[in-house]
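Coordinates in review
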Amino acid sequence: MELPVVAGVDGSQGSLRALDWAVAEAAGRGLPLRIVNASVWEHYEGVRSGLAADRPSEQVYAETLVAMSQERARSLSAEVEVTTDIRPEEPVTALLEEADDAALLVLGSRGHGPVAGMLLGSVSLSVAARARCPVVVVRGRGPDAQQASRPGDGRVVLGVGDTAASGATARFAFREARSRGCELVAVRAWHGPRHPTVPHSPSDSDQLTAGRRQADRYVDTALAVGEGLAEVTVRRKVVPGTAHQTLLETAAPADLIVVGARRRHGAFGLQLGQVDHAMLHYAPCPVAIVPEREQGGAV
């Protein structure tokens, strides 16, 4: 049985963009779509439904929401099999349980106040940090943020970490690039000595060369999982600088940015690296967080 693409909906504009993205993803992969609403989301995230004070009960509202979401999904793609579920549970718990049996979990990014779209909602952050399946948080604004058309003329950006032992992040990025018919850009930033004693000394030059070579090796290892996929055009970007800034600059015109997150056995709480956090809060396009086992690496 094929695992579904799961879309979490809460009635916000961000979740509707996420739903549209999830429909296109399910269609592109040939997977079923499962639409899930956790009925306490409205209180948990402070979402306002826009209904009058005498609005229906929360259960009736949830049923209306998932029915409208299902209709929206079917109008976008008649070929995708769509099912729905209402879970009267705390949203993070419900979505993490959904992630155990999902190919992909898709959520919206929700901001507050005048910088809406920049800040990440607590539900999306918590789920992305702990889910066992890849999680896509659909970021961005306006028409450029709506990736449902999957235009195929953009790029998928892969953030290459310190190790790619599991290869999960790279495999996910290759699959997305192939599905979309667009190029894959593998990005690795590197830096030299922090406190050189003599500017441009031979020692500094050696360390800079070693840093570049090590970065190239990391990229080679990550891209090795895509050998034989001739239909995917790959471009390397190995440059001096900081990882998060380099990724953000590369992701500006991208369809998707893909980064890894280490899942440590027995660890509790949020399990995201600094680069993961930066992408989830500031990336101008959807962000995929791919879990990797303890022997794997986070970007």
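Described in the following lines is the structure provided in the data block. (Residues numbered from 1 in each chain as written. Predicted model: local features only at pLDDT ≥ 70, side-chain atom pairs only at ≥ 80, totals over all residues. Heavy atoms only, no water.)

1. Some thoughts on the sheet that holds strand 9 (residues 256-262)
Formally: Only strands joined by at least two bridges in the DSSP assignment are considered to pair. Secondary structure elements follow DSSP: runs of H or I no shorter than four residues count as helices, runs of E no shorter than two count as strands, and numbering proceeds from the N terminus. To obtain each axis, a line is fitted to C-alpha atoms, and for helices this fit is confined to the stretch in contact; angles are then taken between N-to-C directions over 0 to 180 degrees. Any two residues whose heavy atoms approach within 4.5 Å at even a single point are treated as in contact.
Overall, mixed pairing links the 10 strands, which are arranged 3-2-1-4-5-10-9-6-7-8 in an open sheet. The open sheet terminates on both sides in strands that have one partner only, identified here as strand 3 (82-87) and strand 8 (234-240). With strand direction ignored, the average angle separating the axes of adjacent strands in the sheet is 25°. Judged from the three bridges that link them, strand 1 (residues 5-8) and strand 4 (residues 104-108) form a sheet pairing that is parallel. Within the sheet, the bridge partner assigned to alanine 7 lies in strand 4 and is valine 106. Docked against the sheet, helix 1 (residues 13-29) engages strand 1, strand 2 (33-38), strand 4, strand 5 (135-138) and strand 9, running at close to 155° with respect to strand 4.

2. Some thoughts on the side chain of aspartate 10
Basically, it comes down to this: Contacts described as polar in this section are N or O atom pairs within 3.5 Å, which, within protein, must combine one atom able to donate a hydrogen with one able to accept it, while residues neighboring in sequence count only if both atoms come from side chains.
The topology assignment puts aspartate 10 in the loop between strand 1 and helix 1. Side chain to side chain, aspartate 10 and serine 12 meet in a polar contact 2.6 Å long. Side chain to side chain, aspartate 10 and serine 15 meet in a polar contact 3.0 Å long.

3. Some points on the pattern of salt bridges
Here the idea is simple: oppositely charged side chains can pair when their charged atoms come close. The condition that has to hold: Put simply, a salt bridge is a Lys or Arg side-chain nitrogen that is within 4 Å of an Asp or Glu carboxyl oxygen. Working definition: with a 1.4 Å probe on protein chains only, accessible area under 20% of the residue-type maximum means buried, over 50% means exposed, and in between means partly exposed.
Across all of its chains, the model carries 17 salt bridges by this definition. Residue glutamate 98 is joined to arginine 34 by a salt bridge in which the shortest nitrogen-to-oxygen separation is 2.7 Å. Separated by 64 residues along the polypeptide, glutamate 98 in helix 4 (residues 91-99) and arginine 34 in strand 2 bring together distant segments of the chain. Classification of glutamate 98 as buried rests on a relative accessible area of 7%. Relative accessible area serves as the criterion here: at 21%, arginine 34 is assigned to the partly exposed category. A salt bridge links glutamate 231 to arginine 178, with the nearest nitrogen and oxygen atoms 3.7 Å apart. In this pair, glutamate 231 is assigned in the loop between helix 8 (202-223) and strand 8 and arginine 178 in helix 7 (residues 168-180), connecting sequence segments 53 residues apart. The class for arginine 178 is partly exposed, based on a relative accessible area of 40%. Among the ionic contacts, a cluster of salt bridges with common partners joins Arg34, Asp85, Arg87, Glu89, Glu97 and Glu98.

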